[in-house]
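# Observations on chain architecture
What follows is each chain in one-letter form.
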Amino acid sequence: MTTSSSERGVSLGMPELPAPAYPDDVRARLETDAREVIARYPDSRSALLPLLHLVQAEEGHVTRTGMRFCADALGLTTAEVTAVATFYSMYRRRPSGDYQVGVCTNTLCAVMGGDAIFESLQEHLGVGNGETTGDGKVTLEHIECNAACDFAPVVMVNWEFFDNQTPASARGLVDDLRADRPVTPTRGARLCTFKETARILAGFPDERDGAVAAGGSAGHASLAGLRLAKGETSPARVVHPRDGGPHDGGPHDGTPERDVHEPSPTEHLSSHDAPQDTAASDPANPAGPTAEEGE
């Protein structure tokens, strides 16, 4: 007795059927929005990225139907659209949650606790990387960098920042999201869903009351270097770990008054920096090439 290839689960490599079109009412609405987006660009194909956000706002991820729509609107092939949609991680290729919770596990966030946060959330939510909770609320993922190293460890939800997180605070955050409680990022407006975020990224106005005024901006830590460059900071306080504190005590804090050390520009200001021998401080090992050019 023989079995057919289909019964054995063997694929014959048949081409995939074309993606179905959107229902007429959905397509008409998206076409109106797409014309507005395309009109912003001198070359229509430049509108592909925002159009992918537009179709992602419709279904919560970029489907084959969405890519077919983008191709038809821009006069591209579906292969050209697929190449872009699969290149950028901001476009989801499968159903995902209302809230994309990304935990930074790159170097600085990892050593500051990002790995512990990610492991805690996996256990708490019962999902792995890139997976979504059963209620469809939260998709958990680790990301390489949130570009907020001065607030490490950082968690992002739908691209909004939650700074200086701990495993406990992150668990509380996802619990609030799943319970539909209002959540406000560290910097920025109250969260909206991933679909709503995708529409904003497509270039359409954020219509939530007060959202624009509450938009995120650089935090205090991010601006420290700029204030220092402008001379706006107070005199430096150099902490010496081995003798217990900064050298600027006095009668106001009940400690003996000591001389304040004014550091030179080449000195470290962090209490965690230990003195190290360098080429500049070790005449026996000067900086520079160890051999003449061409040797």
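From a predicted model like this one, the values you see are computed outputs, not experimental measurements.

The next point concerns the side chain of Gln 56. Its location among the elements puts Gln 56 in helix α2 (residues 48-59). By relative accessible area, Gln 56 is classed as buried at 1%. At 2.7 Å, the side chain of Gln 56 forms a polar contact with the backbone nitrogen of Arg 92. Setting aside chain neighbours within four positions, we find Gln 56 in contact with His 61, Val 62, Met 90, Tyr 91, Arg 92, Phe 194, Lys 195 and Ala 198.

In this structure the tally under the stated criterion is 11 salt bridges. Salt-bridge contacts for Glu 80 lead to Arg 45; the nearest nitrogen and oxygen are separated by 3.8 Å. Taken together, the residues span a long stretch of sequence, with Glu 80 in helix α4 (residues 78-85) and Arg 45 in the loop between α1 (24-38) and α2 at a distance of 35 residues. Under the relative-accessibility criterion, Glu 80 is labelled partly exposed at 33%. Arg 45 sits in the partly exposed class, given a relative accessible area of 44%.

Moving on: helix α3 (residues 64-74). Listed as buried for α3 are Thr 65, Gly 66, Met 67, Phe 69, Cys 70, Ala 71 and Leu 74. Of the residues trailing α3, Gly 75 is marked for its positive phi of about 70 degrees.

With that out of the way, let us pick up the packing of helix α5 (residues 107-125) against helix α6 (residues 167-178). It is at 9 Å that the axes of α5 and α6 come closest, and there the two elements cross at 40 degrees. Taken as axis vectors, α5 and α6 run oblique relative to one another. Between α5 and α6 lies a crossing of right-handed hand. Contact with α5, carried on its side by Ala 116, Ile 117, Ser 120, Leu 121, His 124 and Leu 125, involves Pro 167, Ala 170, Arg 171, Val 174, Asp 175 and Arg 178 of α6 and no other residues of that element. For the contact of α5 with α6, the class distribution of residues is 7 nonpolar, 2 polar and 3 charged.

This brings us to a nonpolar patch on the surface. Together, Leu 49, Phe 87 and Tyr 88 give the surface a local cluster of nonpolar side chains, amounting to about 310 Å² of exposed area. We classify Leu 49 as partly exposed; its relative accessible area is 31%.

Below, the discussion takes up α2. Taking 1.5 Å per residue as the helical rise, α2 with its 12 residues ought to reach 16 Å, and the 17 Å between its terminal C-alpha atoms agrees with that figure. The element α2 is largely enclosed, with a buried count of 9 among its 12 residues. Within α2, burial applies to Leu 48, Pro 50, Leu 51, Leu 52, His 53, Leu 54, Val 55, Gln 56 and Ala 57. Contact partners of the buried residues in α2: α1, α3, α4 and α7 (194-201). Note on α2: the residue one or two positions beyond its end, Gly 60, has a positive phi of about 85 degrees.

Basis of the calculations
- Residues numbered from 1 in each chain as written.
- Predicted model: local features only at pLDDT ≥ 70, side-chain atom pairs only at ≥ 80, totals over all residues.
- Heavy atoms only, no water.
- Helix = DSSP H or I, 4+ residues; strand = E, 2+ residues; numbered from the N terminus.
- Buried < 20%, exposed > 50% of the residue type's maximum accessible area, 1.4 Å probe, protein only.
- Polar contact = N/O pair within 3.5 Å; in protein donor to acceptor, adjacent residues only side chain to side chain.
- Contact = heavy atoms within 4.5 Å.
- Salt bridge = Lys/Arg side-chain N within 4 Å of Asp/Glu carboxyl O.
- Axes fitted to C-alpha atoms, helices over the stretch in contact; angles between N-to-C directions.
- Parallel < 35°, antiparallel > 145°, perpendicular 65-115°, else oblique.
- Left-handed = near helix turned anticlockwise from the far one by under 90°.
- Nonpolar A, V, L, I, M, F, W, Y, C, P; charged D, E, K, R; others polar.
- Patch = residues over 30% accessible without salt bridge, like charges linked within 9 Å, V, L, I, M, F, W, Y side chains within 5 Å.
- Areas by Shrake-Rupley, 256 points an atom, 1.4 Å probe, with all protein chains shown as cover.
- Expected span 1.5 Å × (residues − 1).

It is worth stressing that arrangement in space is one thing and function is another; only the former is reported here.
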